[in-house]
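Listed below are the residues making up each chain.
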Amino acid sequence: MGRSNSGKSSAINRITGQTKLARVSKTPGRTQLINFFDLGGERRLVDLPGYGFARVPDRVKREWRDLVDAYFGSRDSLAGLFLTVDIRRGVSASDDQMIGWALDLGCPVAVLMTKSDKLSRGAGMSYVMRAQGQLGPEVAVIRFSARDGTGVDEARQRLTEWVGS
Ligand SMILES: Nc1nc2c(ncn2[C@@H]2O[C@H](COP(=O)(O)OP(=O)(O)OP(=O)(O)O)[C@@H](O)[C@H]2O)c(=O)[nH]1
Ligand SMILES: [Mg+2]
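Throughout this description, residue numbers start from 1 for each chain and increase along the sequence as written. Following the order in which they are written, the chains are lettered starting with A and the ligands numbered starting with 1. Given that the model is predicted, a residue must reach a pLDDT of at least 70 before its local features are reported, and side-chain atom pairs must reach 80 or more before they are shown or counted; all residues, however, enter totals for whole chains, interfaces and linings. Note that the side-chain values use all heavy atoms of the structure and ignore hydrogens as well as water.

**Side note on the overall build of the chain**
Then comes step 1: Here a helix means four or more residues in a row that DSSP labels H or I, a strand means two or more in a row labelled E, and each is numbered from the N terminus. Scanning the chain for helices and strands turns up 5 helices and 5 strands.
Then comes step 2: Between two residues, a contact is recorded if the distance between any of their heavy atoms is within 4.5 Å. Contacts spanning at least 24 positions in sequence make up 65% of the contacts within the chain whose residues lie at least 6 apart.
Then comes step 3: For the chain, the accessible area works out to roughly 9,100 Å², and carbon and sulfur atoms hold 47% of it. Here the accessible surface of atoms and residues is derived via Shrake-Rupley with a 1.4 Å probe, and residues count as covered only by protein chains that are part of the display.

Have a look at this one:
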């Protein structure tokens, strides 16, 4: 889950090593449906539509929000939540709300600080530390890039913890 254009689909492709599994687009709001990716067994990765993109009409925003709320509030099988946050934008109020909600449901959360290839390592690490301070120790914060592979191993480890390998 994550803000529109924050790199959800790219993260799924990179973590699974499937280049064209989830559709990536320069047009924010590309993922408008809930997409399920079968990982074998009873394990699935789920790509949820992004929230909070300003150029989308309010009616569409409400539809997305309802879809995500309905999905998220009713899935007993949820094992963990990856939340993508563009490292240069930082954690938004919507992100914070989603994280709080997941934790309340007992669902573990890992935040992928995406597009870290756009910053130096040092700058990226300071953004990660800031987010970690903001979110507290319950949430794992991972410096991530679908482009150069930063944080992919750590994300895969989380995924394995949550659903097995
Ligand atoms: N430099 C860089 N660009 C990235 C990275 N991940 C995603 N992008 C770019 O960011 C844009 C959005 O990526 P998506 O993966 O489609 O983002 P999304 O969150 O699935 O977007 P929606 O489905 O539209 O909400 C695309 O232009 C990607 O190429 C990354 O790690 N590094
Ligand atoms: Mg997408």
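**Thoughts on the nonpolar core**
Then comes step 1: Only buried Ala, Val, Leu, Ile, Met, Phe, Trp, Tyr and Cys residues count toward a nonpolar core, and they belong to the same one when joined by side-chain atoms within 4.5 Å. Only protein chains enter the accessibility calculation, which uses a 1.4 Å probe; a residue is then buried when its area is under 20% of its type maximum, exposed when over 50%, and partly exposed in between. With 24 residues, the main nonpolar core has Met1, Leu81, Leu83, Val111 and Met113 as its most contacted residues.
Then comes step 2: Only helix 2 (58-74), strand 3 (81-86), helix 3 (93-104), strand 4 (109-114) and helix 4 (121-135) provide two or more residues apiece to this core.
Then comes step 3: Among all residues touching Met113, those that are not within four sequence positions of it are Val85, Ile87, Tyr127, Val128, Ala131, Val141, Ile142, Arg143 and Phe144.
Then comes step 4: One finds Ala110, Ile142, Phe144 and Trp162 within the second-largest nonpolar core, a separate group that totals 15 residues.

**Side note on the pairing of strand 5 (residues 140-143)**
Residues in a regular strand project their side chains so that they alternate between the two faces of the sheet.
Then comes step 1: Burial along strand 5 is two-sided: the residues Ala140 and Ile142 and Val141 and Arg143 are all buried.
Then comes step 2: Here 4 bridges tie strand 4 to strand 5, and the two strands are oriented parallel to one another. Note on strand 5: the bridge partner recorded for Leu112 is Ile142. For two strands to count as paired, DSSP must find a minimum of two bridges between them.

**Describing the packing of helix 2 against helix 3**
Axes are the key here: two packed helices are described by the angle between their axes and the distance separating the axes.
Then comes step 1: Interaxial angles span 0 to 180 degrees and are taken between N-to-C directions of axes, which are lines fitted to C-alpha atoms, for helices over the stretch in contact. Running from N to C, helix 2 and helix 3 point in directions that differ by 20°, and their axes come no closer than 12 Å. Accordingly, the angle class assigned to the pair helix 2 and helix 3 is roughly parallel. Like other packed secondary-structure pairs, helix 2 and helix 3 cross with a definite hand, here right-handed. From helix 2, Arg65, Val68, Asp69 and Phe72 reach across to helix 3, where they touch Gln97, Met98, Trp101 and Ala102. Working rule for angles: under 35 degrees goes down as roughly parallel, over 145 as roughly antiparallel, 65 to 115 as roughly perpendicular, anything else as oblique. When the near helix sits turned anticlockwise from the far one by under a right angle, the crossing is termed left-handed; a clockwise turn instead gives a right-handed crossing.

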